[in-house]
Amino acid sequence: MIDYENKNILAPMVRIGTLPMRLLALRYGADIVYSEELIDWKFLRSKRRYNEILKTVDFIDQTDGTIVFRTNAEEKEKVVLQLGTCDAERALKVAKMVEADVAAIDINMGCPKEFSIKGGMGVALLEQSDKAYNILTTLVNNLSIPVTCKIRILETPEATLRLVEKFVNSGIKAIAIHGRTRYERPQHFVNTDAIKYVSSRVSIPVIANGGSKEIEKYSDIMKFKELTGCSSVMLARAAEWNCSIFRKEGLLPMDTVIKDYLKLAIEFDNPPANTKYCIQNILRDLQETPRGRRFLDCQTLEQISAIWELDGYCKERQQLYQTLGISGRWQVNPDDLQPPNKKLKLENDDLNDVEQMKVCFIRASFTHSTLPKSELHSWAGKNGHKLPIYETQQVQKLFRCILTFNGKKYTSSFWEKNKKFAEQGAALVCLFYLGLKTKDDLIMLGSIINK
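Predicted, not measured: the structure shown is a model, and the values here were computed from it.

*Asks:* Would you mind showing me how to read the side chain of threonine 18 here?
*Replies:* Summarising the element assignment, threonine 18 is placed in the loop between strand E1 (8-10) and helix H1 (19-28). The exposure class of threonine 18 is buried, given its relative accessible area of 13%. Only 2.8 Å separates the side chain of threonine 18 from the side chain of asparagine 274, close enough to count as a polar contact. Apart from residues lying up to four places away in sequence, threonine 18 is in contact with Glu36, Asn270 and Asn274.

The structure is reproduced here in structure tokens:
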């Protein structure tokens, strides 16, 4: 059973708290790591699958094949799944789905963003304490793992204490308190006195949160803990900027942290967009440097890895995973999506007369060169041909384009998540069959995988 006393904790952060960053925090010294906030209805459309190649447990969105939540044995006893919810029944269904794979469940009652509030989640629950209490008691009474919640302070310490005491009576094992109100933001003063007022008067561990502005090194964590009188401290932005903040031995250089993070992102096949976002938050102002701008042009893991001289490792891993038959974004196909789509049998679903290749369009590969559609249209004009016709088909969140040119049809069997990208992918296939692009060209562009 997870223990919340005297712990340094990675806070839940949207798009940051995915598996690579959580593992990095643990390896640097964090005691507990929270997932990013995961919304109940989105989680409920996922399906659990054990990934034999990565040795991970994956919860996969059945509408587009993307990973909702990925975890592994290394973090099992230390990872807390944070749930965004406003409904006790939905919350319990999600918690039951992951009960065997995580150490605890946390209910988000601290997010002040409009999306959460409009959905009745986050800080909106603090104004509906009976509903919040019902969610907590429902989980506590039906789960074998601990339940916690994360809140913000109210207008007075006394009001905050009354709310916390109510939640403590639900049977939760700990509570995290962010020392700002729902209307305050990071530039505002964090109210350590309000947190201390509550922590000294309740019987369960209180986790102090909101002090990143004053936390620049490990010893500052201890100072924040002392100021708040709390059992434990939870870090968000300080860990987002440099995850080695958890090291008792001191901070590591930024490039070392990025390399350590990248290795984990590569090892666990983390989505390039998420990997890029996490590194952007480490680089911060350095995104405006020449190297930073080169990084911002990247779109694939290999392109990102090349900047930190890890492209060889990345390519080797990705080729190994493909050889082993990994099931990831590259393999997503509408036939595998749920629920079954009645419109799947489209007009051009019989592709017997269509030239096909598995080609994806990587926008960053064409930053300094002509886009495939433009290249094809230019070649057609110079050679007296009519411009190609594009018919784009959509199945749920996936897109495929059938391109007709000079009486022949071309398509990519890679389903894009963007209509324009699907058209560019089909143009790449056409360019290949016209002899204007070689297989080596497509490998260099990252558009096909060289097995």
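*Asks:* In this structure, what is going on with the sheet that holds strand E14 (residues 389-395)? I would like to understand it.
*Replies:* Neighbouring strands of a sheet are bound in pairs by backbone hydrogen bonds; such pairs are parallel or else antiparallel. With mixed pairing, 4 strands are arranged side by side in an open sheet as E13-E16-E15-E14. In this open sheet, the two strands that pair with only one neighbour each are strand E13 (354-357) and E14. Averaged over neighbouring strand pairs, the angle between their axes works out to 25° when direction is ignored. With 4 bridges connecting them, strand E15 (residues 398-405) and strand E16 (residues 408-412) associate as antiparallel partners.

*Asks:* Looking at this structure, I do not really get helix H7 (residues 192-199). What am I missing?
*Replies:* Given 3.6 residues per helical turn, the α-helix brings residues three or four places apart onto the same face. Within H7, burial applies to Thr192, Ala194, Ile195, Val198 and Ser199. Relative to the axis of H7, the buried residues are bounded by an arc of 160° and lie together on one face. Where H7 begins, the side chain of asparagine 191 points an oxygen toward the backbone nitrogen of aspartate 193, at a separation of 3.3 Å.

*Asks:* Mind showing me how you'd approach helix H6 (residues 157-168) here?
*Replies:* Here H6 is 12 residues long and its end C-alpha atoms lie 16 Å apart, about the 16 Å a rise of 1.5 Å per residue gives. Where the residues of H6 are buried, they touch strand E8 (104-109), helix H5 (129-142), strand E9 (147-152), strand E10 (174-178) and H7.

*Asks:* What should I look at first to understand the pattern of salt bridges in this one?
*Replies:* Close approach of charged atoms lets side chains of opposite charge pair. Under the definition given, this model contains 20 salt bridges. Measuring nitrogen to oxygen at the nearest pair gives 2.8 Å for the salt bridge that ties glutamate 74 to arginine 27. Of the two residues, glutamate 74 is situated in the loop between strand E6 (67-72) and strand E7 (79-84) and arginine 27 in helix H1; the sequence distance between them amounts to 47 residues. Judged by relative accessible area, which is 38%, glutamate 74 ranks as partly exposed. Its relative accessible area of 46% is what places arginine 27 among the partly exposed residues. Across the pair aspartate 40 and arginine 90 runs a salt bridge, and its minimum N-O distance is 3.0 Å. You can see aspartate 40 sitting in helix H2 (residues 40-44) and its partner arginine 90 sitting in helix H3 (residues 88-98), a full 50 residues away along the chain. Judged by its relative accessible area of 1%, aspartate 40 is buried. Overall, the relative accessible area of 28% leaves arginine 90 in the partly exposed class. One network of salt bridges, in which partners are shared, links Arg49, Asp58 and Arg70.

What counts and what doesn't
- Residues numbered from 1 in each chain as written.
- Predicted model: local features only at pLDDT ≥ 70, side-chain atom pairs only at ≥ 80, totals over all residues.
- Heavy atoms only, no water.
- Helix = DSSP H or I, 4+ residues; strand = E, 2+ residues; numbered from the N terminus.
- Buried < 20%, exposed > 50% of the residue type's maximum accessible area, 1.4 Å probe, protein only.
- Polar contact = N/O pair within 3.5 Å; in protein donor to acceptor, adjacent residues only side chain to side chain.
- Contact = heavy atoms within 4.5 Å.
- Pairing = 2+ DSSP bridges.
- Axes fitted to C-alpha atoms, helices over the stretch in contact; angles between N-to-C directions.
- Arc of directions from axis to C-beta.
- Expected span 1.5 Å × (residues − 1).
- Salt bridge = Lys/Arg side-chain N within 4 Å of Asp/Glu carboxyl O.

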